[in-house]
Amino acid sequence: MAAAGTVLCDQVVFTSVRSGTGEGYRIIAATPSIQAHEKVEITRRSPSHGGLCGENPEAVGLEAYKLPSGRYAVAYCCHAGSEHTGRGGQRVYTHVAILDRPAWRNFEANPVPVHAALALHVESTGPVLKPLARMEKIAIPLPRPAMNLTILANSMGSPSDMVDCALSAAADLLAGKSLVLMETCNPFRLLEKILLSLPLETREGLDVSAGVKFSPARKMRLAIVSEGEADLQRRTAGLDTQVRRPQDGPSPAQNLFEGWERLLRRWWREGRRQDIQSLTGELCRGISCETLDRVARICEDMDALAELAIEGVRLQLAKYNAARPGSKPEQVLVQLLLQKANERVASLQGGNDSGGP
């Protein structure tokens, strides 16, 4: 049974060891309930010799993908000593947690906190480097409520903190594109910012990686790498995959989600991570991509209430009292806007008016 605040997950270890049955990269340990076709997929996706971006011992990678069973795999990839086969270089070690859909949604389809928990587990217990007949499940702690990032505004590394790159990538993913992004500074922060800028239903089915060398065989919709552009262009030739740099300008696909992008850019820069997570993870469940700009427009109008004089607030009340929102998220947001508008009118009138239009 999982302790309070944790999720019990199946786990798998994929690495290179020497044993009585041979040597080389393979699954060397797994919980009993891992299915055979899940093992095949994990073997296909996991990096082997030289598969991480960087040969230094501290190199780390992340993978997250949907398995044929419908469950979700989140992998922590690292180096675990020297390669024992004589090829030189580092042994690549991959520790995978398997989550069912309810557990995946408990993490808001965000692999970064799962990856961080796996990293702590491997660092504290050490990597599994001998084949095991049986593994127990692993308890992954649920993420704590998101911190208000306003207090971190002066320590984010750069004025944009990768917001422009993240929103450009998010718009391309919403448009159905596959991307390889070249990022060397903080690929996991960039990955999380991209994913949290997408509605939950969009991001929960995305196959993504960061810090793992690009390979067409892994079929990742989004790969964040620190590899040479010329080599990446060669390996993506003929694929429906775009290679992008963080400094590249927006792609034409962003015009499809201009209002959504504008709202999230402002919220990210205002440190409103919790508002973004609530919007994309809760309010926008079940929403279609075509509705995102309408949702963004309601949020913009709601934010603007605090700056409006009473006449402007009354105009917004009239506008949204007459509105007929088509989706549940729009209905919820319109009701919230009406409530805030009435509160604003009452405040401007000193509490002596109910605030009706």
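Residues numbered from 1 in each chain as written. Predicted model: local features only at pLDDT ≥ 70, side-chain atom pairs only at ≥ 80, totals over all residues. Heavy atoms only, no water.

Colleague: Go over the overall build of the protein, please, and point to the residues and values.
Modeller: Of regular secondary structure, the protein possesses 12 helices and 10 strands. For the protein, the proportion of its 357 residues judged to be buried stands at 49%. Look at the contacts in the protein between residues 6 or more apart in sequence, and 70% of them connect residues 24 or more apart. Carbon and sulfur atoms form 52% of the exposed surface of the protein, whose accessible area is close to 16,400 Å². (Helix = DSSP H or I, 4+ residues; strand = E, 2+ residues; numbered from the N terminus. Buried < 20%, exposed > 50% of the residue type's maximum accessible area, 1.4 Å probe, protein only. Contact = heavy atoms within 4.5 Å. Areas by Shrake-Rupley, 256 points an atom, 1.4 Å probe, with all protein chains shown as cover.)

Colleague: Just give me the short version of the state of the cysteines, but keep the residues and values in it.
Modeller: Counted according to the given criterion, the structure contains 0 disulfides. As a non-bridged cysteine, Cys77 has Cys78 as the owner of its nearest cysteine sulfur, 7.8 Å distant. For Cys77, a relative accessible area of 0% gives the class buried. (Disulfide = S-S within 2.5 Å.)

Colleague: So, the confidence of the model for the protein: which residues are in play, and what are the values?
Modeller: The predicted coordinates ought not to be read in detail in places where the model reports low pLDDT. On average, residues of the protein carry a pLDDT of 87, and 88% of them reach 70 or more. Confidence over residues 146–159 falls short of pLDDT 50; this stretch has 13 contacts with residues more than four positions distant or in other chains. Taken as a whole, residues 352–357 scores under 50 in pLDDT and shows 12 contacts with residues more than four places along the chain or in a different chain. (pLDDT = per-residue confidence, 0-100.)

Colleague: I'd like a rundown of helix 1 (residues 36–45), residues and numbers included.
Modeller: Listed as buried for helix 1 are Glu38, Glu41, Ile42 and Arg45. An end-on view of helix 1 places all buried positions within 100° of arc, on one side of the element. Exposed residues on helix 1 whose side chains face more than 90 degrees from its buried face are Ala36 and Val40. (Arc of directions from axis to C-beta.)

Colleague: Pulling in residues and values, what's your account of the packing of aromatic side chains?
Modeller: Note on aromatic pairs: each is described by the distance of the centres and the angle between the planes. All chains considered together, the criterion is met by 2 aromatic pairs. Between Phe14 and Tyr25, the aromatic rings sit 6.1 Å apart at their centres with planes inclined by 25°, giving stacked as the arrangement. Taken as a pair, Phe14 in strand 1 (residues 6–19) and Tyr25 in strand 2 (residues 22–30) lie far apart in primary sequence, 11 residues in all. Taken individually, Phe14 and Tyr25 each receive the classification buried, so the pair is uniform in this respect. For the ring pair Tyr72 and Trp104, a centre distance of 5.3 Å and an interplane angle of 20° mean the geometry is stacked. Here Tyr72 is found in strand 4 (residues 72–82), whereas its partner Trp104 is found in helix 2 (residues 101–106), with 32 residues between them in sequence. For Tyr72, a relative accessible area of 3% translates into the label buried. Look at Trp104 and you get buried, because its relative accessible area is 2%. (Phe/Tyr/Trp six-rings, centres within 6.5 Å; stacked < 30°, edge-to-face > 60°.)

Colleague: Now, about the side chain of Thr31: what can you tell me, with residues and values included?
Modeller: Tracing the backbone through its elements, the reader meets Thr31 in the loop between strand 2 and helix 1. Apart from the residues lying within four places of it in its own chain, the contact partners of Thr31 are Asp10, Gln11, Met135, Glu136 and Lys137.

Colleague: Could you give an account of the pattern of salt bridges, naming the residues involved and the relevant values?
Modeller: For the structure shown, the criterion picks out 27 salt bridges. Between Asp303 and Arg266 there is a salt bridge, with the nearest N and O atoms lying 2.7 Å from each other. Here Asp303 is found in helix 10 (residues 292–304), whereas its partner Arg266 is found in helix 8 (residues 258–269), with 37 residues between them in sequence. Overall, Asp303 belongs to the partly exposed group, its relative accessible area being 25%. Assessed through its relative accessible area of 25%, Arg266 is described here as partly exposed. Between Lys319 and Asp301 there is a salt bridge, with its nearest N and O atoms 3.1 Å apart. (Salt bridge = Lys/Arg side-chain N within 4 Å of Asp/Glu carboxyl O.)

Colleague: Please provide a residue-by-residue account of the layout of surface pockets, values included.
Modeller: Empty space among the atoms can be located by rolling a probe the size of a water molecule over them. In this structure, the second largest pocket occupies an estimated 250 Å³ of space. Together, 13 residues line the second largest pocket, and Trp267, Arg272, Asp275, Leu336 and Lys340 are the ones closest to its centre. Looking at the lining of the second largest pocket, the elements with two or more residues in it are helix 9 (273–283), helix 10 and helix 12 (328–348). It is helix 9 that provides the largest number of residues to the lining of the second largest pocket, a total of 5 residues. Grouping the constituent residues of the lining of the second largest pocket by class yields 7 nonpolar, 1 polar and 5 charged. (1 Å grid on protein atoms, 1.4 Å probe; cavity = no way out; pocket = protein on both sides within 12 Å on 5 of 7 lines; lining within 4 Å. Points joined across faces, edges and corners; volume = space filled by probe spheres on them. Nonpolar A, V, L, I, M, F, W, Y, C, P; charged D, E, K, R; others polar.)

Colleague: Before we move on, can you summarise helix 4 (residues 163–174) with the specific residues and values?
Modeller: Spanning 12 residues, helix 4 covers 16 Å between terminal C-alpha atoms, matching the ideal 16 Å at 1.5 Å per step. Here helix 4 lies mainly inside the structure; 11 of its 12 residues are buried. Of all the residues in helix 4, the buried ones are Val163, Cys165, Ala166, Leu167, Ser168, Ala169, Ala170, Ala171, Asp172, Leu173 and Leu174. Once helix 4 finishes, Gly176 follows within two positions and takes phi at roughly 90°, a positive value. (Expected span 1.5 Å × (residues − 1).)

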